[in-house]
Amino acid sequence: MRLIKNFVPIFAGVVFATSLQAQEIAPEILFDYDIRVSHLKTQDQVDAVLDEISALEGISELQFILTDYTLEFQCTNHDISKHLIIDRIKAILLKNGIEIVLVERAKIES
């Protein structure tokens, strides 16, 4: 009986401690981003933007479609949060004199 009395508080403490640390992690989802821009004037602007954005972690399939004035890339929801990708891309575009017109995001079904 003494063993059971000692076991109950220990068991309750372990359950409570694990419940405090148990945080559900969202499943990883891949997104396709299209950022339409304006005030794009030179190839140097495009090259500078592509160089800086390609150096960011978490971005794949990066391309700038000049005929549509669209920057396209893919990244996951985890990378968006972890690396602050959208904020960094906005800063890079504005630093290079390019204005954002529209940001579109589409979930890529796996």
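About the cut-offs
Residues numbered from 1 in each chain as written. Predicted model: local features only at pLDDT ≥ 70, side-chain atom pairs only at ≥ 80, totals over all residues. Heavy atoms only, no water. Core = buried A, V, L, I, M, F, W, Y, C linked by side-chain atoms within 4.5 Å. Buried < 20%, exposed > 50% of the residue type's maximum accessible area, 1.4 Å probe, protein only. Helix = DSSP H or I, 4+ residues; strand = E, 2+ residues; numbered from the N terminus. Contact = heavy atoms within 4.5 Å. Phe/Tyr/Trp six-rings, centres within 6.5 Å; stacked < 30°, edge-to-face > 60°. Lys NZ or Arg CZ within 6 Å of the ring centre and 35° of its normal. Expected span 1.5 Å × (residues − 1). Arc of directions from axis to C-beta. Salt bridge = Lys/Arg side-chain N within 4 Å of Asp/Glu carboxyl O. Lys, Arg positive; Asp, Glu negative; His and termini not counted.

Novice: Summarise the nonpolar core; cite the residues concerned and give the values.
Specialist: With 21 residues, the main nonpolar core has Ile53, Phe73 and Ile89 as its most contacted residues. Contributing elements (two or more residues each) for this core: strand 1 (30-38), helix 2 (43-54), strand 3 (70-76) and helix 4 (85-95). No other element matches helix 4, which puts five residues into this core. Those residues in contact with Ile89, other than ones at most four positions away along the chain, are Ile35, Ile53, Leu56, Ile59, Leu71 and Phe73.

Novice: Could you give me a rundown of the packing of aromatic side chains, with the residues and numbers involved?
Specialist: Under the criterion given, the structure shown has one aromatic pair. Taken together, a centroid distance of 5.2 Å and an interplanar angle of 5° make the contact between Tyr33 and Phe73 stacked. With Tyr33 in strand 1 and Phe73 in strand 3, this residue pair connects regions lying 40 residues apart in the sequence. The pair Tyr33 / Phe73 is uniform in exposure class, with both members buried. The side chain of Arg105 reaches across the aromatic face of Phe31, ending 4.1 Å from its centre.

Novice: Account for helix 2, with residues named and values stated.
Specialist: Think of an α-helix as turning once every 3.6 residues; residues three or four places apart then point the same way. Relative to the 16 Å expected for twelve residues at 1.5 Å per residue, helix 2 spans 16 Å between its end C-alpha atoms, a close match to the ideal helical length. Every buried residue of helix 2 is accounted for by Gln45, Val46, Val49 and Ile53. In an axial view of helix 2, the angular spread of the buried residues amounts to 95°, which keeps them on one side of the axis. For helix 2, the exposed residues lying more than 90 degrees away from the buried face are Asp44 and Asp51. On its buried face, helix 2 sits against strand 2 (60-65), strand 3 and helix 4.

Novice: Describe in detail the pattern of salt bridges, supporting the description with residues and values.
Specialist: Inspection of every chain in the model, using the stated rule, returns two salt bridges. Here Lys95 ties to Glu52 by a salt bridge, and the two come within 2.8 Å at their closest N and O atoms. Of the two residues, Lys95 is situated in helix 4 and Glu52 in helix 2; the sequence distance between them amounts to 43 residues.

Novice: Help me get a handle on the side chain of Asp34, residues and values and all.
Specialist: Tracing the backbone shows Asp34 in strand 1. The side chain of Asp34 sits in the buried core without any salt bridge; Arg36 is the nearest counter-charge, 5.1 Å away. Not counting chain neighbours up to four residues away, the residues in contact with Asp34 comprise Thr70, Leu71, Glu72, Leu102, Val103 and Glu104.

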